[in-house]
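Report on the structure
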Amino acid sequence: MDRFPVFFCGLIRATGSTILQSFILSIIASSLFMPAYAQPAWCGNSSSSSDWFLDMNRFSKAAHWTLKCDRCHSEMTIKDKAHPNRKDPRAMKKNSLRTYDYKRCASCHPESYKRYLIGEHANALSKQEQDQLSGDKPVSSERLAPTCGDCHSSHYAQAKLSRIAIGEQMTETCGKCHPSQKISYLKNIHGQLGVFLQKKASAYCTDCHGAHTCESLKNKEKAWAACRRCHRNASAGFAGIVIHTGSEDVLKKDPKKQADLALIATVKRIGQIVTVIILAFFALQTFVWILRELHNKLRGR
Amino acid sequence: MADQTVQETFRRFSVLQRAVHLTVMFAFIGIGLTGFSMAFSSLAPARAFVWSLGGVESVRYLHRVCAVTLYLCVITEVVWLIYYKFLLRGNFFGPHSISFTKQDLLHFRDHMGYILALRNTPPPFERFAWWEKLDYWTLFIGMQTMGLTGLLLWFPEFFSRFVPGYFINLAQVLHFDEAVLAVLYKFFVHTTIRHFRPEVYPGDWTIFTGKTTKEKMMRTHPGEWARLNASGQIIPGGER
């Protein structure tokens, strides 16, 4: 341990000037004590995944590092206008996630894009676009259904991650828009095994809901088929196990599941009350018992 | 002057009873540690414990080994019960039995009176006091419910053929709640009553050695002592 002061003294003497000293110390202090979100982009913790500005340190570790910029960004049009549109000064202020034409992803990832198009996210997006056109239900741009870039960071997503690392990332990514489902998943056996206990045979979000299709499993048949991908002997009743048990996870349109959840919650509450009452009784009883015997001992009986 | 006379010792627990208690004790500690390390896997210490046992696969395996061991102990007790009833012609509700009788309710009332200083002496407990019977039966009955809910969680594919799927959720809820109850009760209440009360501190080793002394018997189970004296069944160091 006593090598550290020697090392620092040497470092300070070597650097000489006091300005340099304070600069180096402030860098060391900032990297040690600053919270991650406050650290600058060169620390490799830039929070935004797709932005107009690129963190080359992170990009150099990403899967798309080998691609040249124009592979994705040439001949780009936004609403039939060439990009960058020099006549529109607001262009750079627009959310790049909403202006980029993600059909381009299909040129390298055709299968994923095809699955996305038949999936729930694309469905929801087209519905929202129709609603916006008809002016029925205007949706703010932050609540729009996702396209590729909302889930995948085109600049920073890394390739060849382990199944567990992908699963952990997926839980976070899906959880951004589905927070209550994330919570109930992590309380479920699949989440506990897969995310916390690093068992790769466990199921992550897309293992049940489908990669890129992102299906809802409200339909019993679909849910059963999803269960049987891993639980080969599962009967139809097996799909009745509630995975997302949060009260916000189940739609009001599903009274059967609502009733099941209410029963589970009631049993849970009764179990907790009984547990607390029994333990409190015996803890108190034992405590008073000890006092009584202490009293006897002190009286010499 | 220290008492130099050799204390009369009596055998309170048979080899089988001691072996079952020891097995249950270790299996219970094992099942509790492995179970809670999985249930609280969101916390780092639990994950560290799982890692130290070689990952979740071995923890699940150990949990099930402990579960089967515990249930084998229950089966041993049931077999013994049959042997006791039909071959030894024992009495289920006699003073030596572990079964609850009306007498235990009265003893419980009197014992509460003693604890709250409404009475000067504890009631004259028979061979097993009410909390000893409670310790036995909570585990015996608890093993049935924990075993059932545990089986539902172990083989959900099989059981969901016969029961609706949400029963698996119920089993999970009940398994956890009862585990909390059982572990806190056994680890804290049971241990405190049996070893840390001023009366027995620093420990009551009868369940491990099987031996008890005349003085201890007179103090803790006076009803049994009086009954044995009256019937002349006392054989020091031997079987009663």
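The sections below set out a description of the structure shown in this document.

Calculation notes
Residues numbered from 1 in each chain as written. Chains lettered and ligands numbered in written order. Predicted model: local features only at pLDDT ≥ 70, side-chain atom pairs only at ≥ 80, totals over all residues. Heavy atoms only, no water. Helix = DSSP H or I, 4+ residues; strand = E, 2+ residues; numbered from the N terminus. Buried < 20%, exposed > 50% of the residue type's maximum accessible area, 1.4 Å probe, protein only. Contact = heavy atoms within 4.5 Å. Salt bridge = Lys/Arg side-chain N within 4 Å of Asp/Glu carboxyl O.

Considerations on unusual backbone geometry
A cis amide bond links Tyr201(B) to the next residue, Pro202(B), at an omega of 10°. By secondary structure assignment, the location of Pro202(B) is in the loop between α7 (166-196) and α8 (206-209). In this structure, Lys160(A) takes a positive phi of about 55° despite not being glycine. Among the secondary structure elements, Lys160(A) is positioned in the loop between α8 (148-151) and α9 (163-177). The phi angle at Cys214(A) is positive, at roughly 50°, despite the residue not being glycine. The residue Cys214(A) is located in the loop between α12 (205-209) and α13 (220-228) in this model. The exposure class of Cys214(A) is partly exposed, given its relative accessible area of 24%.

Overview of the side chain of His190(A)
All names here are of chain A. Here His190 lies in helix α11 (residues 189-196). Overall, the relative accessible area of 19% leaves His190 in the buried class. Ignoring any residue separated from it by four or fewer positions in sequence, one finds His190 in contact with Tyr185, Val195, Ser202, Ala203, His231 and Ile243.

Details of the environment of Ser41(B)
Mapped onto the elements of the fold, Ser41(B) is located in the loop between α1 (15-39) and α2 (44-52). In the structure, Ser41(B) is positioned 15 residues away from Val56(B) in sequence and 9.8 Å away in space, judged by C-alpha atoms. Not counting residues within four places of it along the chain, the set of residues in contact with Ser41(B) comprises Gln192(A), Phe196(A), Leu197(A), Ala46(B) and Arg47(B).

What to know about the pattern of salt bridges
Two side chains with opposite charge may pair up if their charged atoms get near one another. One pass over the structure, following the stated rule, counts 21 salt bridges over all chains. Two residues, Lys199(A) and Glu57(B), come together in a salt bridge whose shortest N-O distance is 2.4 Å. One end of the pair, Lys199(A), is in the loop between α11 and α12; the other, Glu57(B), is in helix α3 (residues 56-87), on a second chain. Classification of Glu57(B) by relative accessible area gives partly exposed; the value is 45%. Connected through shared salt-bridge partners, Arg12(B), Arg127(B), Glu132(B), Arg194(B), Asp204(B), Lys216(B) and Glu224(B) make up one network.

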